[in-house]
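# Structural overview for review
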Amino acid sequence: LNRIYPFKSERRLGPEAWYEKIAFQYAGSARAQLLATDTTLFDKETWKNVQYGSQHKANASMNFSVAKYFNITPQVDYQSTWFFKTRDAMFRFDPNDPDFVQNDTIYYPDSTGYLIVKDTVSTGVVDRELKDGFVPFRALSASINMNTQLFGTLQFKKGWLRGVRHVIKPSIGFSYAQPSPDSYYLREQFSVLYPDSTKEYNRFENLLYSVRPTDIKQANLNYSFTNLFEAKYFNRKDSAEHKLKLFDNISVGGSYNMAAEFFKFSPLNISGNTRFFKGITTFSVGASYSFYGLQEN
């Protein structure tokens, strides 16, 4: 569905109202998938694991200005993916199966005796069977961002360099996303020797649609600064002034998760690029800085 403005008036007489700027967009798809080789196409096991489902994505946003110079963009995103077959188990193994565990004889150094212990031959095989049943995956997030532009200019009347221009585009925003429910995960034994050993798995792994649940609550304060540098020089050949981009952009940005218990600051990412020889060569730089140091030991 193309972006629409459901509240926009077709017979407006005065200025545009704020609610007329609300935009809505939707995308939906349905898929079915059969995985098989030419020799297993008609096997019962092949058709047992046929996957089918659908995915829906909706977005509502708007854009308006405050005091003429500040652009504010609130946005809400919703995703609902419907699975009719999911994983009920990630691994399959039997501690008594010799394909997984075998006895290993360990002799004492003084050759006075020995021990027989169980040794892991294989950690198990991935369970390819899918369980029938409708399981929806839902994710909801919201954000609001504000950005503006600041200009700085230096001009020179004489010499080769006639001017330098610096444009700063600061942006600050807030985004929120709820953690996924516990039902989206499988907690299973991952060692055949230790029944108490468990690990958490995503039950939607390697299915029809790629979805990624998260157990982290996000209340991020996002910030970024994009810088553009331009110069103006005088060319004696044509006696005219020309513009030269020194750096297309130098960006600095990161986030602060107010809902996290530890390590609230994300790494500070820095990147930039510029072009040489009329765009034939592009030079890029990048760096990342962590606000947290390494602990001893």
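To be clear, the structure that these remarks concern was listed above.
Let me begin by describing the structure that accompanies this report. On a predicted model such as this, the values are computed, not experimentally measured, just so you know.

## Here we look at unusual backbone geometry
Phi is positive for Lys68, close to 70°, though the residue is something other than glycine. Summarising the element assignment, Lys68 is placed in the loop between β3 (64-66) and β4 (70-86). With a phi close to 50°, Phe263 is a non-glycine residue in the positive phi region. Accessibility expressed as a relative area gives 63% for Phe263, which makes it exposed.

## Brief notes about the pairing of strand β17 (residues 281-289)
Pairing of strand β16 (residues 268-276) with β17 involves 9 bridges; the strand directions are antiparallel. Counterpart to Leu268 in the pairing with β17 is Tyr289. Where β16 hands over to β17, the hairpin turn is made up of 4 residues, of which Phe277 adopts a positive phi near 55°.

## Focus: the nonpolar core
Grouped burial of nonpolar side chains is what soluble globular proteins tend to show. In this structure, Phe83, Leu130, Val135, Phe137, Tyr184, Tyr185, Phe204, Leu207, Leu208, Tyr209 and Val211 together form the largest nonpolar core, which totals 11 residues. With residues up to four places along the chain from it excluded, the contact list for Phe137 reads Gln79, Ser80, Thr81, Phe83, Ser180, Tyr184, Phe204, Val211, Arg212 and Pro213.

## A few points about the packing of aromatic side chains
For the structure shown, the criterion picks out 14 aromatic pairs. Measuring from centroid to centroid gives 5.8 Å for Trp18 and Tyr19, while their planes differ by 85°, and the two rings are edge-to-face. Considering the side-chain rings of Tyr184 and Phe204, the 5.3 Å spacing of their centres and the 75° angle between planes classify their relative orientation as edge-to-face. Placement of Tyr184 in the loop between β11 (161-177) and β12 (185-189) and of Phe204 in the loop between β13 (198-202) and β14 (218-235) is noted, with a sequence separation of 20 residues between them. When its relative accessible area of 6% is taken as the criterion, Tyr184 is described as buried. Assessed through its relative accessible area of 1%, Phe204 is described here as buried. An aromatic cluster is built from Phe83, Phe137, Tyr184, Phe204 and Tyr209, whose rings are joined through pairwise contacts. A cation over a ring is seen here: Lys8 above Tyr5, with NZ or CZ 4.4 Å from the ring centre. The ring of Tyr209 carries the charged tip of Arg31 above its face, separated from the ring centre by 5.4 Å.

## Remarks on the pairing of strand β9 (residues 131-147)
As paired strands, β4 and β9 are joined by 15 bridges and run antiparallel to one another. Within β9, the position partnered with Gln75 by the bridge is Ser143. Here β9 pairs with β11 via 7 bridges, running antiparallel. Bridged to Ser141 within β11 is Ala177.

Each value, and the rule that gives it
- Residues numbered from 1 in each chain as written.
- Predicted model: local features only at pLDDT ≥ 70, side-chain atom pairs only at ≥ 80, totals over all residues.
- Heavy atoms only, no water.
- Helix = DSSP H or I, 4+ residues; strand = E, 2+ residues; numbered from the N terminus.
- Buried < 20%, exposed > 50% of the residue type's maximum accessible area, 1.4 Å probe, protein only.
- Pairing = 2+ DSSP bridges.
- Core = buried A, V, L, I, M, F, W, Y, C linked by side-chain atoms within 4.5 Å.
- Contact = heavy atoms within 4.5 Å.
- Phe/Tyr/Trp six-rings, centres within 6.5 Å; stacked < 30°, edge-to-face > 60°.
- Lys NZ or Arg CZ within 6 Å of the ring centre and 35° of its normal.

Interpretation note: all reported values are geometric properties and have no functional meaning in isolation.
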